[in-house]
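Inside the fold
One-letter residues, chain by chain:
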Amino acid sequence: MAMDCQDYDLNWQASWGAFDAKFVLFRKDMADSSKNQLKSALIAINKGFEKYAHVEESSNRVTEWLNTDEAAEISASGDFYLPVLYNMNGFPKEEMLSKIHWWIMRNEGMCHNVVNRAKVVGAKRVVVLAGANHRKYMQDIFKTMPAVKVSNINEVD
């Protein structure tokens, strides 16, 4: 059964647009001394996605790897860059934090949908399949919810 939550989609889109607009200006107006820091971070992001692609192409344990913190960090860097950039002079940190806020709100809504739908049908156990950039957020949110036990696929025997 579907559990997505689009209640905050307009907020998410507005935050994304505001960030993108300011990020363009940030890159344009960046001091030469900061360009190397940005370049290093972007290279790290690209290397992460190269590893992601390599694992998908060559591993017989892709699902297990996708459920690691390493995979979650790589996936999140596609939407949220790297936190090391947030304190760079001129980086649109407020807009980035707004994006992250609305992403978390969406994931909280998804978690509540799962729990509420499970209660309605009397389910005692639920398996949740979600996109890679949802997994870590949802797992952390579920861990804060009363009467919800979370087991990552890598923790199950």
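This is a predicted model, so every value here is computed, not measured. Positions within a chain are numbered from 1, following the residues in the order the chain's sequence is written. Two thresholds apply to this predicted model, a pLDDT of at least 70 for residue-level local features and 80 or more for giving and counting side-chain atom pairs, whereas whole-chain, interface and lining totals are computed over all residues. With hydrogens and water set aside, each side-chain value is computed from the structure's full complement of heavy atoms.

**Things to note about the overall build of the chain**
The following threshold applies: Going along the chain from the N terminus, every DSSP run of H or I of four or more residues is numbered as a helix, and every run of E of two or more is numbered as a strand. For every residue, the accessible area (1.4 Å probe, protein chains only) is compared with the maximum for its type, and the residue is labelled buried under 20%, exposed over 50%, or partly exposed between those bounds. All accessibility values rest on the Shrake-Rupley procedure with a 1.4 Å probe; residue burial counts only the protein chains present in the view. In this tally, Lys and Arg are treated as positive and Asp and Glu as negative; His is ignored, and so are the chain termini. Here the site of a charge means NZ on Lys, CZ on Arg, CG on Asp, or CD on Glu.
Within the chain, the regular secondary structure consists of 6 helices and 0 strands. Reading the chain from its N terminus to its C terminus gives the helix and strand order α-α-α-α-α-α. Dimensions of the chain along its principal axes, counting C-alpha atoms only, are 60 × 40 × 20 Å. Across the 157 residues in the chain, those meeting the buried criterion constitute 35%. For the chain, the accessible surface area stands at approximately 10100 Å², while carbon and sulfur atoms represent 53% of it. Side-chain charges in the chain split into 19 positive and 20 negative, and the spacing between the mean points of these groups amounts to 3 Å.

**Remarks on the nonpolar core**
This is how it is decided: By nonpolar core is meant a set of buried Ala, Val, Leu, Ile, Met, Phe, Trp, Tyr and Cys residues that side-chain atoms within 4.5 Å join together. Pairs of residues are marked as contacts when any of their non-hydrogen atoms sit within 4.5 Å.
Counting 17 residues, the largest nonpolar core has Phe80 and Phe91 as the members making the most contacts within it. Looking at this core, the elements that each hand over two or more residues are helix H1 (9-29), helix H2 (32-58), helix H4 (69-80) and helix H5 (93-121). With residues near it in sequence (within four places) discarded, Phe91 still touches Phe19, Phe23, Phe26, Leu85, Tyr86 and Met96. Grouped together as the second largest cluster of nonpolar side chains are 10 residues, Met3, Cys5, Cys111 and Val114 included.

**Observations concerning the pattern of salt bridges**
The condition is simple: Salt bridge, as applied in this entry: a Lys or Arg side-chain nitrogen positioned within 4 Å of an Asp or Glu carboxyl oxygen.
Under the counting rule described, the total for this entry stands at 7 salt bridges. The residue Arg106 makes a salt bridge to Asp4 at a minimum N-O spacing of 2.9 Å. On the criterion of sequence distance, the pair formed by Arg106 in helix H5 and Asp4 in the segment before H1 is long-range, its members being 102 residues apart. Put simply, Lys136 and Asp69 hold a salt bridge, and the shortest N to O gap is 4.0 Å. Of this pair, Lys136 sits in helix H6 (residues 132-144) while Asp69 sits in helix H4, placing them 67 residues apart in sequence. Residue Lys136 is classed as partly exposed on the basis of its relative accessible area, which comes to 28%. One salt-bridge network, held together by shared partners, links Asp69, Lys136 and Asp140.

**As for H1**
Put simply, the rule is: In a helix, the anticipated span is given by 1.5 Å times the number of residues less one.
Taking 1.5 Å as the rise per residue, H1 with 21 residues should run 30 Å; its terminal C-alpha atoms sit 30 Å apart, in good agreement. Elements that come into contact with the buried residues of H1 comprise H2, H4 and H5.

**Some points on the packing of aromatic side chains**
Let me state the cut-off plainly: Pairing of aromatic rings covers Phe, Tyr and the six-membered ring of Trp, with a centre-to-centre limit of 6.5 Å; geometry is then stacked below 30 degrees between planes, edge-to-face above 60, and tilted otherwise. Two conditions define a charge sitting above a ring: the NZ of Lys or the CZ of Arg must be within 6 Å of the ring centre, and it must be within 35 degrees of the ring normal.
Under the counting rule described, the total for this entry stands at 16 aromatic pairs. Aromatic side chains Trp12 and Trp103 sit 5.1 Å apart centroid to centroid with 45° between the ring planes, which places their arrangement in the tilted category. Placement of the pair is Trp12 in helix H1 and Trp103 in helix H5, with a sequence separation of 91 residues. In this structure, Trp12 and Trp103 share a single accessibility class: buried. Ring plane angle 65° and centroid distance 6.3 Å describe the contact between Phe80 and Trp103, whose orientation is recorded as edge-to-face. Of this pair, Phe80 sits in helix H4 while Trp103 sits in helix H5, and the two are 23 residues apart along the sequence. The two residues Phe80 and Trp103 agree in class, both being buried. An aromatic cluster of three or more residues is present, and its members are Phe19, Phe23, Phe26, Tyr81, Tyr86 and Phe91. Taking the ring centre of Trp16 as reference, the NZ or CZ of Lys99 above it sits at 3.7 Å.

Function-wise, these values are silent; they only describe arrangement.
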